[in-house]
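Residue-level listing of the chains:
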Amino acid sequence: MSDTYRRVVSAAAVSPDLPALPVLDLRQSADPATAPVFRDALREATHEYGFFYLIGHGLEAERIAELFAVARRFFALPEADKLAIENLHSPHFRGYTRLGGERTQGKQDWREQIDIGPERPAITPRTADWDVLQGPNQWPTALPELREVVTAWNASMAQVGLRLLREWAESLGQDRAVFDPAFAVDPSELTKVVRYPGLPDDGAAQGVGAHQDSGVLTLLLVEPGSVGLQAEHDGEWVDVPSVDGALVVNIGELLEYATDGYLRATVHRVVAPGPGTDRISVPYFFNPALSARVPRLTLPPELATEARGVTVDPANTIHDTYGANALKSRLRAHPDVAARHHPDLVARLG
């Protein structure tokens, strides 16, 4: 393992023998003298772990604080205001998911959240199954500033995501713009504003069960002082505590597909907080158009020999088209929404 990146030590490591996760500074990518070092570190971090911390991203502390503040105000709304935009009302899987209303690996997750995607009209008539994922968001009338804050946040995250993809492309011996066409028209970003409440004393510990992200890239903002996120490494769980001012970055299944498994879509989970506490996080999923296919890269020989192949799991097929990969996840995570609005898809794909 190279020493080209700094590493942080988990505040509560599951095993002290496991390596800590890398910390990368995006400012290095803008300097010709340090950009090659950054690219090597980026490639190594996501080949070995699939997870890293990102600093130097240019997001002001005030904007981060504003996002957490509006998230807190949303979850403090009366239950009736949140349920007015419950995702059960949306055939596009948008809006509020009540506590315990999501599933991972068939088990109940202990969190509440609001799902926000691109603000676009629904596709009618539907020509592909994944067309159901496009449509308008549901916004809380009692908190109009949520829309403004999240929309601005998404624009900043998209810029960070595209910068990272271009650095990955060069680090993998590709043209810098190899991923650009998939994101050129109607990219399918998704933001979740999530609250993990403390479990009751006799509750199960699954904030979110073990899973891989179905898209390209995830940029996660975690409230300072938060713990609970864990990433799998060599069969062990590594804690990924918050680092003030840093984003937690992980790749999704489509980058694993694009690199024939050289880059790793790492399994991760969230252990729910203890009684009397809670946790706010805001994952941003940077994804291409629903109909876009990620390119299958021809890696340089020295990298291709280390490609592990795309994960083969009969219970979780990885598709090359983003829409197909995203739809499988939504149908599983929100079976109530799927059953209400898309019984035909459940019958064929569920």
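Keep in mind the model is a prediction, meaning the values are calculated, not measured.

What follows is about the packing of helix H2 (residues 61–75) against helix H4 (residues 145–171). Packing of H2 against H4 brings their axes to within 10 Å, and their N-to-C directions diverge by 140°. Compared by their axis directions, H2 and H4 come out oblique. Between H2 and H4 lies a crossing of left-handed hand. Within the contact between the two elements, H2 uses Arg63, Ile64, Glu66, Leu67, Val70, Arg73 and Phe74 and H4 uses Glu145, Leu146, Val149, Val150, Ala152, Trp153 and Ser156. Tallied by class, the residues present in the contact of H2 with H4 amount to nine nonpolar, one polar and four charged.

Looking now at the confidence of the model for the protein. For the protein, mean pLDDT is 92; residues scoring 70 or higher make up 93% of the total. Contacts from residues 1–19, a stretch scored under 50 in pLDDT, to residues over four places away or in other chains number 44 contacts.

Here Ser156 is to be found in helix H4. Given the relative accessible area of 14%, Ser156 is considered buried. Not counting residues within four places of it along the chain, the set of residues in contact with Ser156 comprises Leu59 and Arg63.

Quick look at the packing of aromatic side chains now. Inspection of the entire model under this criterion finds five aromatic pairs. Between Phe52 and Trp168, the aromatic rings sit 6.3 Å apart at their centres with planes inclined by 65°, giving edge-to-face as the arrangement. Separated by 116 residues along the polypeptide, Phe52 in strand E3 (residues 51–55) and Trp168 in helix H4 bring together distant segments of the chain. For the pair Phe52 and Trp168, one class covers both residues: buried. When the centroid spacing of 5.1 Å and the interplanar angle of 70° are considered together, the rings of Phe74 and Phe75 count as edge-to-face. Taken as a pair, Phe74 and Phe75 share a single burial class, namely buried. What links up through ring pairs into an aromatic cluster is the set Phe74, Phe75 and Tyr96. A cation over an aromatic ring shows up here: Arg296 above the ring of Tyr257, its NZ or CZ 4.4 Å from the ring centre.

Before going further, it helps to examine the pairing of E3. For E3, a buried count of five out of five residues is recorded, marking the element as mostly surrounded by other parts of the structure. What you see with E3 is no split at all: Phe51, Tyr53 and Ile55 on one side and Phe52 and Leu54 on the other are buried throughout. In terms of strand pairing, strand E2 (residues 22–25) meets E3 through three bridges, oriented parallel. The residue bridging Leu24 from the neighbouring strand is Leu54, located in E3. Note that the unit made of E2, helix H1 (residues 35–48) and E3 has a crossover that is right-handed. Both E3 and strand E13 (residues 247–251) contribute to a ladder of four bridges, which runs antiparallel.

Glancing now at unusual backbone geometry. Glycine aside, a negative phi is what most residues show, and trans is what most peptide bonds show. Omega for the bond connecting Thr124 with Pro125 falls within 30 degrees of zero, at -5°, which places this linkage in the cis form. Note on placement: Pro125 falls in the loop between strand E7 (112–116) and H4. Of note in the backbone geometry, Asp260 takes a positive phi value of approximately 55° without being a glycine. Relative to the helices and strands, Asp260 is located in the loop between helix H6 (253–258) and strand E14 (268–271).

Within a sheet, neighbouring strands are paired by backbone hydrogen bonds and run either parallel or antiparallel to one another. Reading across the sheet, the four strands line up as E9-E14-E11-E12 and stay open at both edges, with antiparallel pairing between neighbours. Looking along the sheet, the strands with just one partner apiece sit at the ends: strand E9 (206–211) and strand E12 (236–239). If you compare each strand with its neighbour and ignore which way they point, the axes differ by 30° on average. Relative to E14, strand E11 (residues 229–233) runs antiparallel, the two sharing three bridges. Among the inter-strand pairings, Leu229 is bridged to a residue of E14, identified as Val270.

Here Val150 shows up in helix H4. For Val150, a relative accessible area of 1% corresponds to the buried category. On a C-alpha basis, the gap between Val150 and Pro22 in space is 28 Å, while along the polypeptide they are 128 residues apart.

In a regular helix each residue adds 1.5 Å, so 27 residues correspond to 39 Å; H4 covers 39 Å between its end C-alpha atoms and thus fits that length. Backbone geometry just after H4 places Gly173 at a positive phi near 75°.

This next bit is on the nonpolar core. In this structure, Leu54, Phe74, Trp153, Leu164, Trp168 and Val249 are the most contacted members of the largest nonpolar core, which totals 75 residues. Per-element tally for this core: the top contributor is H4, with ten residues. Ranked by size, the runner-up nonpolar core spans 17 residues in total, among them Val23, Tyr196, Leu220 and Val240.

With that out of the way, let us pick up the packing of H1 against H4. For any two helices packed against each other, one specifies the crossing angle of their axes together with the interaxial distance. The N-to-C vectors of H1 and H4 enclose an angle of 90°; their axes lie 9 Å apart at closest approach. Viewed along their axes, H1 and H4 adopt a mutual orientation that is roughly perpendicular. Contacts from Phe38, Arg39, Leu42, Arg43 and Thr46 of H1 reach H4 at Leu164, Glu167, Trp168, Glu170 and Ser171. Residues belonging to the contact of H1 with H4 are distributed by class as follows: four nonpolar, two polar and four charged.

What counts, and where the lines are drawn
Residues numbered from 1 in each chain as written. Predicted model: local features only at pLDDT ≥ 70, side-chain atom pairs only at ≥ 80, totals over all residues. Heavy atoms only, no water. Axes fitted to C-alpha atoms, helices over the stretch in contact; angles between N-to-C directions. Helix = DSSP H or I, 4+ residues; strand = E, 2+ residues; numbered from the N terminus. Parallel < 35°, antiparallel > 145°, perpendicular 65-115°, else oblique. Left-handed = near helix turned anticlockwise from the far one by under 90°. Contact = heavy atoms within 4.5 Å. Nonpolar A, V, L, I, M, F, W, Y, C, P; charged D, E, K, R; others polar. pLDDT = per-residue confidence, 0-100. Buried < 20%, exposed > 50% of the residue type's maximum accessible area, 1.4 Å probe, protein only. Phe/Tyr/Trp six-rings, centres within 6.5 Å; stacked < 30°, edge-to-face > 60°. Lys NZ or Arg CZ within 6 Å of the ring centre and 35° of its normal. Pairing = 2+ DSSP bridges. Right-handed = clockwise from strand over helix to strand, strands pointing away. Expected span 1.5 Å × (residues − 1). Core = buried A, V, L, I, M, F, W, Y, C linked by side-chain atoms within 4.5 Å.

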